[in-house]
Amino acid sequence: MKPSEYAELDATALAALIRSGESSADEVAQAAVAALEDVQPKVNGLVSGPFERPLEHAADGPFAGVPFAIKDLITHAAGVPTRSGTRLLGDGVPMPTDTYLMARFRRAGLATLGLTATPELGFNANTEAVATGSVRNPWDLDRSPGGSSGGSAALVAARALPVAHANDGGGSIRIPAAACGLVGLKPSQGRVTPGPDYADPLLGLGIEFALTRTVRDCAGLLDAVHGYAAGDRYRLPDPARPYADEVRAGSRTLRIALHTEPFTGNGPVDPRCVAAVESVGRTLEELGHHVERAAPALDADAFDDANLVAWCSFLADGVDTLAAALGVEPGPDNLEATTRACADFGRTLRAADIYAAERVFNTTRRAVAAVHETYDLVLTPTMNAPNTAAGHLNADDPSLDARGWYDRIFGTAGFTAVSNVTGNPAISLPLGTTAEGWPIGVQLMAPYAEEATLIALAGDLERALPWADRRPAVAVG
């Protein structure tokens, strides 16, 4: 198999090709390694790999032999050094076991060929860690692929991988999906296990899943990895039928609230993003859905204050835990300036501050739930702009304190964090395009545990407004 042939196929098609015997898993892996070696010097999406051979995986899983990579944050594979984008971990620390999700990726048959880049400890909407360098957007190398799953997004968009792991604490699946023209689903809290290392990463804001190029890959992968694991805090009911069936079946008639003002942060919204959402709204009406302007009533200042508490307390705990385990002192030689500022702020917080933040989160959940009593989905931009310039979110800027850094990040991404707070599923789809040819992401948010509704409608939109033939400037083949 030539790399150019491999690059044209999504994960579902590659799995079918391997199952049929038309191509072997080894042939596909060789093509994937060549593809990764082709684009890596341009986009810098890998921090480890490509491996000479994929990590061990099941030969009979639904995605047996399909090339894959894991983001170097939270999820980890036994024996593979992890660095989490920080110099604090030196050249990387091998982990003794798989996380539960990594074990499920292996059982699904995914052939892991490397680790993808993350900003330092995941706290950025770009992916430009001092430890590993700047990741570039394959649509325009002067732009960022977003973050914090920017390494995965750059490699999937450039067609070096059909699918890659990602996670999302405030938009880190959906932001890079929007910037790179991908499908980015953040599942409901509890849909994908965070165990055994965490019960509620980032006070419950952190969610694990993946980035894909097609809706059917998104649905099929969720079918393969969702579900309760022993010790998880949440146990969601299984879907009524496989998510892959929802893509084929299509959506029922829905009531959809359209909203284009950011929920959080202080950044303006690019008119191109507003226009993309309004255009999608018209398409949805043509498909028979009911669309009107509506939104939850949120206190943006209280919301931002509560999120800052969640992020900085989590960061302080992570930094101090890692430093103690490794016997090192956190400082300018091993942490970026804004990481130090946020960790310093996190150390000043009291247990009462955490409870106060949770009260705000509860109010947010109730306000969003009230909207969903009338509307099945909420339609918004994914980001405030189609993408950001490389270097715009410099996490090593010593002039920024914790609040200054938070405001800068969420000034570019004012629509995504609400779904992390509510625990509801949300998806970004590449449904718009700028004059430069950059993708524009549009977000759909659903009630808790309603991934099926999102996936069914996403399949309809993929058929109505197809994006599969769009190719970035940097792409395999």
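Note: the structure precedes this text.
The paragraphs below set out a description of the structure included in this document. What you see is a predicted model, and the numbers here were worked out from it, not measured in a lab.

## Description of the layout of surface pockets
So, step 1. Each pocket or cavity is described by its volume, and for the largest pocket that value is around 890 Å³.
So, step 2. Every residue lining the largest pocket is counted, 37 residues in all, and those nearest its centre are I74, S84, Y198, F314 and L322.
So, step 3. Elements supplying a minimum of two residues to the lining of the largest pocket: strand 8 (163–168), strand 10 (207–212) and helix 10 (300–326).
So, step 4. Per-element accounting of the lining of the largest pocket gives the leading share, 10 residues, to helix 10.
So, step 5. Partitioning the lining of the largest pocket into residue classes produces 19 nonpolar, 13 polar and 5 charged.

## Examining the nonpolar core
So, step 1. Ranked by size, the top nonpolar core spans 138 residues in total, and within it F105, F209, L221, L379, L429 and L444 carry the most contacts.
So, step 2. Ranked by the residues each element gives to this core, the list is headed by helix 10, at 10 residues.
So, step 3. Leave out the neighbours within four places in its chain, and F209 touches F105, H165, A166, I173, L185, P187, V192, C218, L221, L222 and V225.

## With respect to the pattern of salt bridges
So, step 1. Per the counting criterion, the structure on display carries 24 salt bridges.
So, step 2. As a salt-bridge pair, R241 and E246 come within 3.0 Å of each other at their nearest N and O atoms.
So, step 3. Taking the relative accessible area as the measure of exposure, R241 reaches 36% and is therefore partly exposed.
So, step 4. Residue classification places E246 among the buried positions, given a relative accessible area of 11%.
So, step 5. Among the ionic pairs, R403 bridges to D305, the shortest N-O distance being 2.5 Å. A residue pair is termed long-range when its members are at least 10 positions apart, and R403 in helix 13 (residues 402–410) and D305 in helix 10 qualify at 98 residues.
So, step 6. Given a relative accessible area of 26%, R403 falls into the partly exposed group.

## Quick notes on the sheet that holds strand 14 (residues 426–433)
So, step 1. Read across the open sheet, the 8 strands follow the order 8-10-9-14-15-13-11-12; overall the sheet is mixed. The open sheet has two edge strands with one neighbour each: strand 8 and strand 12 (290–293). Averaged over neighbouring strand pairs, the angle between their axes works out to 25° when direction is ignored.
So, step 2. Pairing geometry for strand 14 and strand 15 (residues 439–445), over 7 bridges, is antiparallel. Bridge pairing in strand 15 links I427 to L444.

## Some thoughts on the environment of P67
So, step 1. With respect to the helices, strands and loops of the structure, P67 is situated in strand 2 (residues 67–71).
So, step 2. The exposure class assigned to P67 is buried, which follows from its relative accessible area of 1%.
So, step 3. In the structure, P67 is positioned 39 residues away from V28 in sequence and 7.6 Å away in space, judged by C-alpha atoms.
So, step 4. Beyond its immediate chain neighbours, meaning those up to four positions away, P67 contacts Y6, L14, V28, A32, A111, L113, L161, P162 and V163.

## Some words on the side chain of S428
So, step 1. By the element assignment, S428 lies in strand 14.
So, step 2. Reaching out from S428, the side chain makes a polar contact with the side chain of T382 at a distance of 2.9 Å.
So, step 3. For S428, the residues in contact, after removing those within four places along its chain, are R174, A177, A178, L182, V183, G184, T382, G441, V442 and Q443.

About the thresholds
Residues numbered from 1 in each chain as written. Predicted model: local features only at pLDDT ≥ 70, side-chain atom pairs only at ≥ 80, totals over all residues. Heavy atoms only, no water. 1 Å grid on protein atoms, 1.4 Å probe; cavity = no way out; pocket = protein on both sides within 12 Å on 5 of 7 lines; lining within 4 Å. Points joined across faces, edges and corners; volume = space filled by probe spheres on them. Helix = DSSP H or I, 4+ residues; strand = E, 2+ residues; numbered from the N terminus. Nonpolar A, V, L, I, M, F, W, Y, C, P; charged D, E, K, R; others polar. Core = buried A, V, L, I, M, F, W, Y, C linked by side-chain atoms within 4.5 Å. Buried < 20%, exposed > 50% of the residue type's maximum accessible area, 1.4 Å probe, protein only. Contact = heavy atoms within 4.5 Å. Salt bridge = Lys/Arg side-chain N within 4 Å of Asp/Glu carboxyl O. Pairing = 2+ DSSP bridges. Axes fitted to C-alpha atoms, helices over the stretch in contact; angles between N-to-C directions. Polar contact = N/O pair within 3.5 Å; in protein donor to acceptor, adjacent residues only side chain to side chain.

These figures capture arrangement, not role.
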